[in-house]
Amino acid sequence: MSPFYFGSSDLPIFGIYSAANPARDKRKALLICQATFQEYMRSHRLVKQLAVQLSAEGIHVLRFDYPGCGDSSGEWHDTDVDNWTSSVLQAEEELKAVSLVDDISYLGIRFGASLLVKAACPTVNSNSSIIFWDPVFDGEQYFQTLTRMQGELIADKSRFMDNRKNYQSMADLEFAGFPVSRTTAEQMKKIKLGPNDCSAGRILLLHSGTRPDGENSALRSDRMESQALALGCDWESLAHMETQVQEPDLTAKILKFLS
Amino acid sequence: MPQESAAPSKVGVICLNAGLLHRVGPFRMNVELANYLRERGIPTLRFDLSSIGDSGASKGDRDYTAQVVKDVSSAADLMRSRTDIEKFVLIGLCTGADNAHRAMVADDRFIAGIFLDGYAYPTFRYCLRRYLPVVINPIRFTKVILTFIKPFIHHLRRIEKPPDSADSMFTWELPEKNQTAREIRALIDRGATLLYIFSGGSWQSYNYPRQFIDSMPFLRNHEAQFSVILNKSIDHTYSLYGDRLWLYDQVSHFLKSFTTTP
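In what follows, the accompanying structure is described. (Residues numbered from 1 in each chain as written. Chains lettered and ligands numbered in written order. Predicted model: local features only at pLDDT ≥ 70, side-chain atom pairs only at ≥ 80, totals over all residues. Heavy atoms only, no water.)

### A few points about the pattern of salt bridges
Residue and element names in this part refer to chain A.
Next, step 1: Applying the stated rule across the entire model yields 29 salt bridges over all chains.
Next, step 2: For the salt bridge of R24 with E57, the shortest nitrogen-to-oxygen distance reads 3.3 Å. On the criterion of sequence distance, the pair formed by R24 in the loop between β2 (13-18) and β3 (28-33) and E57 in the loop between α1 (37-56) and β4 (59-64) is long-range, its members being 33 residues apart.
Next, step 3: Taking the relative accessible area as the measure of exposure, R24 reaches 44% and is therefore partly exposed. (Salt bridge = Lys/Arg side-chain N within 4 Å of Asp/Glu carboxyl O. Helix = DSSP H or I, 4+ residues; strand = E, 2+ residues; numbered from the N terminus. Buried < 20%, exposed > 50% of the residue type's maximum accessible area, 1.4 Å probe, protein only.)

Okay, here's the thing in structure tokens:
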């Protein structure tokens, strides 16, 4: 694993590159667009394990943190959704440069799926493969969910001894404890995407529980295969907000798809 | 690293992992704190202990505690090589507080510690505040009795206890009080400064401001080096941004005595 910073010097982006095991190098690379806010925290350990396991199997992997998130520089008021989207393109360039591989596949986790599709990476074409893991493509609905979770959080009597219903965030807005700018929220609400908005030739939809495309035509695609994860994750439950995500079959499913 | 315009700091701050969470900290707390301190000229190092976050498992044969002490000392070595700072302040939440205490005891370069929901020992007054409301309330009293009876019922029915989660590896047992008192006395004697901050999340083990001093009365003579803040409105992981800003203010205020005035 090689941690490093890339992108502009005023707002450097943190990434960790896991080079492919030289003995099994498949000349393939995977760019991971992580989840955001608390979902990023919950999935960090699993995403790290995924990167380590895929690199051992011969796939180059780059995971990175969006500006103002995780280890990347910047605070909530320095960044917005457009900024995050640009970072996807910068990360793709970085992965190509560091791995010297042109065959790049993509993994978008939760809101990272929207950022991935919105970024419209120039390398994505009919030969490309994209994996969406419990994707969030409806920004307005996601905004409502995160707002609801913030309301539930401050009313949570098992968490707070005192009544915090009068809590006023010191940021523009707060999504389940994470400060966000009004610009981020407005840009998020405008997002309404789906797999058909990307030009990848093959799409794998990994989902927790009920198939999200079952009733949502925006999520249907002829190029897409859909698979349920063994355990599944209730991303939007406050009760599980601080529980690490566990998906024992995640790596195997992704590896099979990429092979 | 501190901004160039800021006054040089005499100390560096090292943030420890909270449980299994990686170096970013709960709700990005460690990063926000590092940025907050950076603006005030205080350099901060965040890192992952062995086997946590992006760090690999150690290949040595040290036990967990010895490895933690080694890891934190190595972090101080790294910071010294980058900043020329030779004295450090440790900050840790929950298991991080436990680890900060152990590292401080082992390495005298750590001149101060900020312990968030760290060690707490019961006192008579604590027990009164904790159990009296239960005893005088029939409904709560019944619930408590049922809690104690349940394991016996499960045992009789031969219901297997669910396997421990991975997190249980990282929960800590409260060390024996006399040992902790000896260690804290040694830290005080060598001139260390200690700040304990308790949240409402630790109310089951810490329920009034002077509980720490009542549990270790020798601390009454050292209140310049030892302070406790109890804020029961806040939860254990500082989930609300405003609560985290309150914490950063407390930390910054505590660190003022270690920073050089311009």
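There's plenty left to go through after this.
### What about the packing of aromatic side chains?
Next, step 1: For the structure shown, the criterion picks out 24 aromatic pairs over all chains.
Next, step 2: Aromatic side chains B:Y196 and B:F212 sit 4.4 Å apart centroid to centroid with 50 degrees between the ring planes, which places their arrangement in the tilted category. Of this pair, B:Y196 sits in strand β5 (residues 193-199) while B:F212 sits in helix α7 (residues 211-215), placing them 16 residues apart in sequence.
Next, step 3: For B:F212, a relative accessible area of 2% translates into the label buried.
Next, step 4: The structure contains a cluster of three or more aromatic residues connected by ring pairs, namely A:F4, A:F6, A:F37, A:F64, A:Y66, A:W84, A:F143, A:F175, A:F178 and B:F27.
Next, step 5: Taking the ring centre of A:F143 as reference, the NZ or CZ of A:K189 above it sits at 4.5 Å. (Phe/Tyr/Trp six-rings, centres within 6.5 Å; stacked < 30°, edge-to-face > 60°. Lys NZ or Arg CZ within 6 Å of the ring centre and 35° of its normal.)

### Topic: the nonpolar core
Most often, soluble globular proteins have nonpolar side chains that are buried together.
Next, step 1: Ranked by size, the top nonpolar core spans 89 residues in total, and within it A:V88 and A:F132 carry the most contacts.
Next, step 2: Among the elements that make up this core, the one with the highest residue count is helix α8 (residues 241-255) of chain B (seven residues).
Next, step 3: Ignoring sequence-local partners within four residues, the contact set of A:F132 consists of A:G108, A:A113, A:L116, A:V117, A:F137, A:P195, A:C198, A:I203, A:L204, A:L205 and A:L206.
Next, step 4: B:V68, B:Y121, B:I188 and B:I213 belong to the second largest nonpolar core, which has 38 residues in total. (Core = buried A, V, L, I, M, F, W, Y, C linked by side-chain atoms within 4.5 Å. Contact = heavy atoms within 4.5 Å.)

### Structural notes on the pairing of strand β1 (residues 11-15) of chain B
All names here are of chain B.
Next, step 1: The element β1 is extensively covered by neighbouring structure, given that five of its five residues are classed as buried.
Next, step 2: Burial along β1 is two-sided: V11, V13 and C15 and G12 and I14, pointing in opposite directions, are all buried.
Next, step 3: Pairing between β1 and strand β2 (residues 44-46): three bridges, direction parallel. Counted as the bridge partner of C15 is R46 from β2.
Next, step 4: Tracing the backbone out of β1, into helix α1 (residues 29-39) and back to the parallel element β2 gives a crossover that is right-handed. (Pairing = 2+ DSSP bridges. Right-handed = clockwise from strand over helix to strand, strands pointing away.)

### Here's the deal with unusual backbone geometry
Next, step 1: Even without a glycine there, the phi angle at A:D134 is positive, about 40 degrees.
Next, step 2: Tracing the sequence through the fold places A:D134 in the loop between β6 (129-133) and α4 (139-154).

### Description of α8(B)
All names here are of chain B.
Next, step 1: Taking 1.5 Å of rise per residue, the 15 residues of α8 would be expected to cover 21 Å, and the 21 Å separating its terminal C-alpha atoms lies within 8% of that figure.
Next, step 2: Counted residue by residue, α8 has 11 buried out of 15 residues, so it is predominantly covered.
Next, step 3: Taken residue by residue, α8 has Y241, G242, D243, R244, L245, L247, Y248, V251, S252, F254 and L255 as its buried positions. (Expected span 1.5 Å × (residues − 1).)

### Observations concerning the sheet that holds β1(B)
All names here are of chain B.
Next, step 1: The six strands lie next to each other as β2-β1-β3-β4-β5-β6, forming an open sheet whose pairing is parallel. Each edge of the sheet is formed by a strand with only one pairing partner; in this case those strands are β2 and β6 (226-231). Adjacent strand axes in the sheet meet at a mean angle of 15 degrees, parallel and antiparallel pairs treated alike.
Next, step 2: Here strand β4 (residues 110-116) runs beside β5; their pairing, made up of five bridges, is parallel. Its bridge partner lying in β5, F115 is registered against Y196. (Axes fitted to C-alpha atoms, helices over the stretch in contact; angles between N-to-C directions.)

### Things to note about the interface of chain A and chain B
Next, step 1: Counting residues at the interface gives 39 residues for chain A and 30 residues for chain B.
Next, step 2: Interface area for chain A against chain B, summed over the two sides, is near 2,700 Å², with a carbon-plus-sulfur share of 51%.
Next, step 3: In this assembly, chain A and chain B are joined by six salt bridges.
Next, step 4: For A:D71, the salt bridge goes to B:R23, with nearest N and O atoms at 2.7 Å.
Next, step 5: Among the elements of the structure, β2, α1, α4 and β8 (178-180) of chain A are those that each provide at least two residues to the side of chain A that touches chain B.
Next, step 6: Per element, the largest residue contribution to the side of chain A that touches chain B is six residues, and it comes from α1(A).
Next, step 7: Taken together, the residues of the side of chain A that touches chain B break down into 18 nonpolar, 11 polar and 10 charged. (Buried area = accessible area lost by both parts, 1.4 Å probe. Nonpolar A, V, L, I, M, F, W, Y, C, P; charged D, E, K, R; others polar.)

### Here we look at a nonpolar patch on the surface
Next, step 1: On the surface, a cluster of nonpolar side chains totalling about 1,100 Å² of accessible area is made up of B:F124, B:L128, B:Y131, B:L132, B:V135, B:I136, B:F141, B:I145, B:L146, B:I149 and B:I153.
Next, step 2: Relative to the helices and strands, B:I149 is located in helix α5 (residues 138-156). (Patch = residues over 30% accessible without salt bridge, like charges linked within 9 Å, V, L, I, M, F, W, Y side chains within 5 Å. Areas by Shrake-Rupley, 256 points an atom, 1.4 Å probe, with all protein chains shown as cover.)

On their own, these measurements won't tell you what the molecule is for.
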